[in-house]
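Structure assessment
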Amino acid sequence: MLVDNSEDGIFFLTGKDFTNAGTASSSLKAVLERRGIRQDIIRRTAIAAFEAEMNVVIYAVAGMMKYRITDTEISVTIQDMGQGIPNIELAMTEGYSTAPDHIRAMGFGSGMGLPNIKKSTDSLVVNSVVGEGTTLEFVIQIKDSQ
Amino acid sequence: MNLVEIKDILEATVITSQASLRHSVASVYCADLMSDVLSFSIAKGLLITGLTNAQVIRTAEMAAIDMIVFIQGKRPALQTISLAEEKNIPLLVTDLSMFDTCGRLYEKGLRSQSAAVRRPSIVACNEGSI
């Protein structure tokens, strides 16, 4: 008999709320740990989710993080109501950043976010409309989880 | 190298409450850019930094960093210390500079094992798969 072990959930993100920035990714990490997923896979997922969450907090008014975990993969969608990305190719370039100084002073905004999400995941799709918002969808495969 | 050894080498103060001898690290990553920590550090290491905001703890949590040393006597706010305690990440403060902190630990045998710089080939478009 087939058992459906899949699980999904959603977290809401608030722009400019630096006190709580990271709590969604932290909660997602806890879900993955509870499921006993391999540590290196958890780390890649947490890093990608946190980079995306920081982007929403830095650049957008609000957003949400949705996840779905099956026996074979973790998929995460981060959607925001923000300014959008005019040129995704440029935003994917390491070192390219439009972050203001106060963000850089916190150790972020050095133009490594999207490239690092790409590096940490098995697939990444970015859709963005300037003035409306951005949606990131990434997938991480769960392989050899024994 | 365990927490007590690191504390002694750096003449540091442990500022979290549950820090124990069981905490030990095999490698070091040193940065003030959290983006770099997220991109290049490896799991189970020590982070040396001059930044003290809450995002440092969040970064350590996501990147599976096991211990943090703040340099030049910089102390994070109580809220940040509480977050580290909640995440079971011991925090140390040393009066040494970044250079001397790294130098002393290097002298005692600790090394960096940062992930190799990898440049993914990037093909992007505004609507669709990257």
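Note that the structure is predicted; figures quoted are calculated from it, not measured. (Residues numbered from 1 in each chain as written. Chains lettered and ligands numbered in written order. Predicted model: local features only at pLDDT ≥ 70, side-chain atom pairs only at ≥ 80, totals over all residues.)

1. Concerning the overall build of chain A
Heads up, the condition is: In this description a helix means any DSSP run of H or I spanning at least four residues, a strand means any run of E spanning at least two, and both kinds are numbered starting from the N terminus. For the radius of gyration, the atom set is restricted to C-alpha positions; the globular benchmark scales as 2.2 Å times the number of residues to the power 0.38. Each residue is classed by its C-beta neighbour count within 10 Å, where at least 20 other C-beta atoms makes it buried, 12 or fewer makes it exposed, and intermediate counts make it partly exposed; the C-beta atoms are placed from backbone geometry. We call two residues in contact whenever the C-beta atoms placed from their backbones are within 7 Å.
A tally of regular secondary structure across chain A gives five helices and five strands. Reading chain A from its N end, one meets helices and strands in the order β-α-α-β-β-α-α-α-β-β. Relative to its length of 146 residues, chain A is compact, with a C-alpha radius of gyration of 15 Å against a globular reference of 15 Å. Each principal axis of the C-alpha distribution contributes one length, and for chain A these read about 55 × 25 × 25 Å. Burial statistics for chain A: of 146 residues in total, 42% are counted as buried. Intrachain contacts of chain A at a sequence separation of at least 6 include 61% that bridge at least 24 residues.

2. Let's talk about the environment of isoleucine 42 of chain B
Here isoleucine 42 of chain B lies in the loop between helix 2 (34-40) and strand 3 (46-49). Isoleucine 42 of chain B sits 21 residues away from alanine 63 of chain B along the chain, and the two C-alpha atoms are 7.2 Å apart.

3. Observations concerning the packing of helix 1 (residues 23-34) of chain A against helix 2 (residues 39-59) of chain A
Residue and element names in this part refer to chain A. As a reminder of what qualifies: Axis lines are fitted through C-alpha atoms, for helices just across the contact stretch, and the angle between N-to-C directions can take any value from 0 to 180 degrees. Roughly parallel here means an angle under 35 degrees, roughly antiparallel means over 145, roughly perpendicular means 65 to 115, and every remaining angle is called oblique. Left-handed is the label given to a crossing in which the near helix is rotated counterclockwise from the far helix by less than a right angle, and right-handed is the label when the rotation is clockwise. Amino acids outside the nonpolar list (Ala, Val, Leu, Ile, Met, Phe, Trp, Tyr, Cys, Pro) and the charged list (Asp, Glu, Lys, Arg) are all regarded as polar, and Gly is one of them.
Look at helix 1 against helix 2: their axes get within 9 Å of each other, and the N-to-C directions meet at 160°. As the angle between them shows, helix 1 and helix 2 are arranged roughly antiparallel. Judged by the twist between their axes, the crossing of helix 1 over helix 2 is right-handed. Packed against helix 1, whose contacting residues are Ala24, Ser25, Leu28, Lys29, Leu32 and Glu33, the element helix 2 presents Ile42, Thr45, Ala46, Ala49, Phe50 and Glu53 at the interface. Here the contact of helix 1 with helix 2 is composed, by residue class, of seven nonpolar, two polar and three charged.

4. Structural notes on helix 2 of chain A
Just so we agree on the cut-off: In this scheme, a helix's expected span is set at 1.5 Å multiplied by one less than its residue total.
Look at helix 2 of chain A: 30 Å from first C-alpha to last across 21 residues, which is about the 30 Å you get at 1.5 Å a residue. The buried fraction of helix 2 of chain A amounts to 17 of the 21 residues, a majority that puts the element mostly inside the structure.

5. Brief notes about the pairing of strand 3 of chain B
Each regular strand carries side chains that alternate between the two faces of the sheet. Residues and elements named next belong to chain B. Which entries qualify depends on this criterion: For two strands to be treated as a pair, DSSP must find at least two bridges joining them. Crossover handedness is defined here as right-handed if the route from the first strand over the helix to the second strand goes clockwise, with the strands pointing away from the viewer.
The alternating pattern of strand 3 places Leu46 and Ile48 and Leu47 and Thr49 on opposite faces, both of which are buried. Pairing between strand 2 (residues 28-30) and strand 3: three bridges, direction parallel. If you follow valine 28 over to strand 3, its bridge partner there is leucine 46. Taken together, strand 2, helix 2 and strand 3 constitute a β-α-β crossover, and its handedness is right-handed. Examined bridge by bridge, strand 3 and strand 4 (residues 67-70) share four bridges and lie parallel to one another. Each bridged residue has a counterpart across the sheet, and for threonine 49 the counterpart in strand 4 is phenylalanine 70. Once the chain exits strand 3 it traverses helix 3 (residues 54-62) before rejoining the sheet at strand 4, and the crossover so formed is right-handed.

6. Some words on the sheet that holds strand 4 of chain B
All names here are of chain B. A sheet is described by the order of its strands in space; here five strands give the open sequence 1-5-4-3-2, paired in mixed fashion. At either end of the open sheet lies a strand with only one pairing partner, and these are strand 1 (13-14) and strand 2. Both strand 4 and strand 5 (residues 91-93) contribute to a ladder of three bridges, which runs parallel. Directly across from valine 69, in strand 5, lies its bridge partner leucine 92.

7. Quick word on the pairing of strand 2 (residues 60-69) of chain A
All names here are of chain A. Bridging between strand 1 (residues 7-14) and strand 2 involves eight bridges; their strand directions are antiparallel. Pairing of glutamate 7 across the sheet is with isoleucine 69, part of strand 2. The pairing of strand 2 with strand 3 (residues 73-82) spans nine bridges and is classified as antiparallel. In the strand pairing of strand 3, tyrosine 67 is matched with valine 76. Following strand 2, the chain reverses through three residues before pairing antiparallel with strand 3.

Honestly, it's all geometry; don't read function into it.
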